[in-house]
Amino acid sequence: MWARLLKGAMIAAAFSTLAACASLGGKGDAPIGAPVVTDPAPIVSGTMRPYQIRGRWYHPKEQPNYDEVGQASWYGSYHHGRSTSTGERFDMNGLTAAHKTLPLPSLVEVTNRANGRRVILRVNDRGPFVDNRIIDLSRGAAEELGLLQQGVGDVRVRYVGPAPRQGGGTVLRRAEAGAAPQPQPVRPQVQAQSQGPRPYYDSATPQAQPVAQPTYTATQPPMSSAYWVQAGAYSDRRGADQVARRLGDKAVVQNIDRNGRPLFRVVVGPWPDAGAAERARQAVIARGFDDALLIGG
């Protein structure tokens, strides 16, 4: 009799442990219902090309069964107001994220495995380019997940599906272990509308008309320790100037000599590290410059 009662108690304790693990983002819990996206945003094709950072190649692709556990970090004010890899403006208080290989834009579910908090995030950028980190969160996403103070945390990331044309971020919280997650109001995304194409690096506040851009000559190269993104090289100075104006206030035109022939190279930067430069290159690609290159460093 006592043996049967003891065995039953042990089995109950085992199931209780499994349920607690599932509530904190273990791989045993069932996926949430995917949001209904009736008008999905098209994948930005230029961001699906293989690319290289610090000698390592990354191969973006469709990954409908993506489900990974790893470290998450977050980024905020340095990139606030700047263009993401999809060409959208980064809002550090929105519910967005960066991923190295998932389609852009798309939706993922991120769970903080330490406290069970969950969010649906719009993936619209590339990164993080740090070992053992699988996703970069916006400041707003990190705050909702309870990762703002510690900076890095253990999370589970699952692919949900295509993103809508705007927004898509949603907060999900569990009231207690084993309870179904209750949707919370969607945090509004800052999506500034414009009547024409947005400059490459549009700041959070209106800017005055850009002044004439400085010109680098062959005897005035940019600092070798910095990273730049080359949008293109042109034989016509007027065409190069038009491209630089289109890409915004961080774009400049350099005079270079190639086999005795003058060329006008449009570059964007400088950037302090390869990760920031790669984000910028992906954003330049999203603006229609498919052959953008990472130079310098």
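The shown structure was predicted, so the numbers you read here are calculated from the model rather than taken from an experiment.

Caption draft 1: Seen up close, the environment of Glu68. By the secondary structure assignment, Glu68 is in strand 3 (residues 67-75). With a relative accessible area of 37%, Glu68 lands in the partly exposed category.

Caption draft 2: Looking closely at the packing of aromatic side chains. What the rule picks out here adds up to four aromatic pairs. Here the aromatic rings of Tyr51 and Phe129 are separated by 5.9 Å at their centres, their planes lie at 90°, and the arrangement is edge-to-face. Within this pair, whereas Tyr51 is found in strand 1 (residues 51-53), its partner Phe129 is found in the loop between strand 6 (118-125) and strand 7 (133-138), the two being separated by 78 residues in sequence. The two residues Tyr51 and Phe129 agree in class, both being buried.

Caption draft 3: Focus on the pattern of salt bridges. Inspection of every chain in the model, using the stated rule, returns nine salt bridges. One salt bridge connects Arg156 with Asp67, and the closest N-O pair in it is separated by 2.7 Å. Within this pair, whereas Arg156 is found in strand 8 (residues 153-162), its partner Asp67 is found in strand 3, the two being separated by 89 residues in sequence. The partner of Arg237 in a salt bridge is Asp241, and the shortest N-O contact between them spans 2.9 Å. Of this pair, Arg237 and Asp241 both sit in helix 3 (residues 237-247), four residues apart, which is roughly one turn of that helix. Owing to a relative accessible area of 26%, Arg237 belongs among the partly exposed residues under this scheme. What makes Asp241 partly exposed here is its relative accessible area of 23%.

Caption draft 4: The arrangement of the confidence of the model for the protein chain in detail. Mean pLDDT over the protein chain stands at 75; residues scoring 70 or higher make up 70%. The weakest mean pLDDT in the protein chain belongs to strand 11 (residues 215-216) at 38; the strongest belongs to strand 5 (residues 106-112) at 96. Segment residues 13-26: pLDDT under 50, and 18 contacts once partners within four positions in sequence are set aside and those in other chains are kept. Confidence over residues 174-223 falls short of pLDDT 50; this stretch has 93 contacts with residues more than four positions distant or in other chains.

Scoring rules and cut-offs
Residues numbered from 1 in each chain as written. Predicted model: local features only at pLDDT ≥ 70, side-chain atom pairs only at ≥ 80, totals over all residues. Heavy atoms only, no water. Helix = DSSP H or I, 4+ residues; strand = E, 2+ residues; numbered from the N terminus. Buried < 20%, exposed > 50% of the residue type's maximum accessible area, 1.4 Å probe, protein only. Phe/Tyr/Trp six-rings, centres within 6.5 Å; stacked < 30°, edge-to-face > 60°. Salt bridge = Lys/Arg side-chain N within 4 Å of Asp/Glu carboxyl O. pLDDT = per-residue confidence, 0-100. Contact = heavy atoms within 4.5 Å.

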